[in-house]
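In case you want the letters, here they are:
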Amino acid sequence: MYYSPKKEQFHTFQETEHGVFGLFDSPAEIINAAQKTKEKGYTNFDCFTPYPVHGLDDAMGLARSGLPWVTFFMGIFGCVAGFGMQYLTHKYDWPLNISGKSFNAWFAYIPITFEFTVFMAGVSTAVAMFILTKLPKTGRKVLHPDITTDKFALWIPSNSANYSESGVTDFIKGLGSKHVETVK
């Protein structure tokens, strides 16, 4: 399978402060709710879970994350920069003939090249994650104290397609939610 970077992999989520959420008890229930919400045509909805739920991204119709591309390309950059920095320093800026070795003693450059590759990939991935998720979010409202503790939540914001408060409330209740609340 061929995998190439796409623009939708680097999307940011547009939050709203108004909408409707419902609480569910199990991962199977939230996956089912996400699939039904996608099929109903609601957009910009989100699911909040206490731990990663495998298959939830597919159920929501989300594109695969673009962070692996950031990691890959910045790792390549770190590898080239780490090796190049050592080679150029040893060959041109400070050439020392040590025991008759050539100025391109590439095997001696491997540890620093590896470490710089890992450093650039890791740091740039963390920075990209903070930028894409717009973290830290200090002023965020707590919707319900049980969300992400032991319950799973489906959030449908007011800027979603096909949104009507009563329609969304009835829809979430029909999915089997134990608690449905409107946030204004």
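What counts, and where the lines are drawn
For every chain, the first residue of its written sequence is number 1, and the numbers climb from 1 along that sequence. It should be noted that, the model being predicted, local features are given only for residues of pLDDT at least 70 and side-chain atom pairs only at 80 or more, the latter also being counted only at that level, while totals for whole chains, interfaces and linings use all residues. Values reported for side chains reflect all heavy atoms of the structure, with hydrogen atoms and water molecules removed beforehand. Boundaries between domains were set according to an automatic or database domain assignment. Two strands are said to pair when DSSP picks up at least two bridges between them. Each helix corresponds to a stretch of at least 4 residues labelled H or I by DSSP, and each strand to a stretch of at least 2 residues labelled E; elements are numbered beginning at the N terminus. Lines fitted to C-alpha atoms define the axes here, with helix axes fitted over just the stretch in contact, and angles between the N-to-C directions of these axes take values from 0 to 180 degrees. For any pair of crossing helices, the crossing counts as left-handed if the nearer helix is rotated counterclockwise from the farther one by less than a right angle, and right-handed if it is rotated clockwise. Any two of the Phe, Tyr and Trp rings considered here, Trp counted by its six-membered ring, make a pair once their centres fall within 6.5 Å; the pair's planes then place it as stacked at under 30 degrees, edge-to-face at over 60, or tilted in between. Criterion for a salt bridge: a side-chain nitrogen of Lys or Arg within 4 Å of a carboxyl oxygen of Asp or Glu. Only protein chains enter the accessibility calculation, which uses a 1.4 Å probe; a residue is then buried when its area is under 20% of its type maximum, exposed when over 50%, and partly exposed in between. Whether two residues touch is decided by their heavy atoms; if any such pair falls within 4.5 Å, the residues are in contact. The residues that make up patches have over 30% relative accessible area and no salt bridge, and they are joined within 9 Å when like-charged or within 5 Å when they are Val, Leu, Ile, Met, Phe, Trp or Tyr. Here, Shrake-Rupley sampling with a 1.4 Å probe gives the accessible areas, and only protein chains in the shown set may cover a residue.

Moving on to the domain arrangement of the protein chain. Where interface size is given, it is often the accessible area lost as the parts come together that is meant. Assigned domains of the protein chain: these are domain 1 (17–50 + 148–183) and domain 2 (66–133). Its C-alpha centre places domain 1 at a distance of 46 Å from the equivalent point of domain 2.

Read across the open sheet, the four strands follow the order β2-β3-β1-β4; overall the sheet is antiparallel. In this open sheet, the two strands that pair with only one neighbour each are β2 (46–48) and β4 (179–183). With strand direction ignored, the average angle separating the axes of adjacent strands in the sheet is 20°. Here six bridges tie strand β1 (residues 19–24) to strand β3 (residues 152–157), and the two strands are oriented antiparallel to one another. Within the sheet, the bridge partner assigned to F24 lies in β3 and is F152.

Looking now at the packing of helix α3 (residues 67–93) against helix α4 (residues 110–133). Relative to each other, α3 and α4 sit at 145°, their axes nearing to 7 Å. Both α3 and α4 take part in a crossing whose hand is right-handed.

This part is about the packing of aromatic side chains. Going through the model one piece at a time under the given rule, you end up with ten aromatic pairs. For the ring pair W106 and F107, a centre distance of 5.9 Å and an interplane angle of 75° mean the geometry is edge-to-face. Feature note: the residues F83, Y87, Y92 and Y109 constitute an aromatic cluster, connected by ring pairs.

Now for unusual backbone geometry. Cis peptide bonds are those with omega within 30 degrees of zero, and the linkage from L135 to P136 qualifies with -5°. In this structure, P136 sits in the loop between α4 and β3. The backbone of K134 sits at a positive phi, close to 55°, despite the residue not being glycine. By the secondary structure assignment, K134 is in the loop between α4 and β3. The residue N162 is not glycine, and still its phi comes out positive at about 65°. Assignment of secondary structure puts N162 in the loop between β3 and α5 (165–174).

On to the pattern of salt bridges. Tallying each qualifying case throughout the model produces three salt bridges. In this structure, K151 engages D25 in a salt bridge whose closest nitrogen and oxygen atoms are separated by 2.8 Å. Taken together, the residues K151 in the loop between α4 and β3 and D25 in the loop between β1 and α1 (27–40) connect sequence positions 126 residues apart. Note on K151: relative accessible area 21%, which makes it partly exposed. The closest approach of N and O atoms between K184 and E165, which form a salt bridge, is 3.5 Å.

Our next topic: the environment of A121. Secondary-structure assignment places A121 in helix α4. Between the alpha carbons of A121 and W155 there is a distance of 33 Å; along the sequence they are 34 residues apart. Residue contacts for A121: discarding those within four places in its chain leaves T71, M74 and G75.

As a further point, take a nonpolar patch on the surface. Residues F72, F73, I76 and V80 make up a contiguous nonpolar surface patch of roughly 410 Å² in combined accessible area. Of note, F73 is situated in helix α3. Under the relative-accessibility criterion, F73 is labelled partly exposed at 47%.

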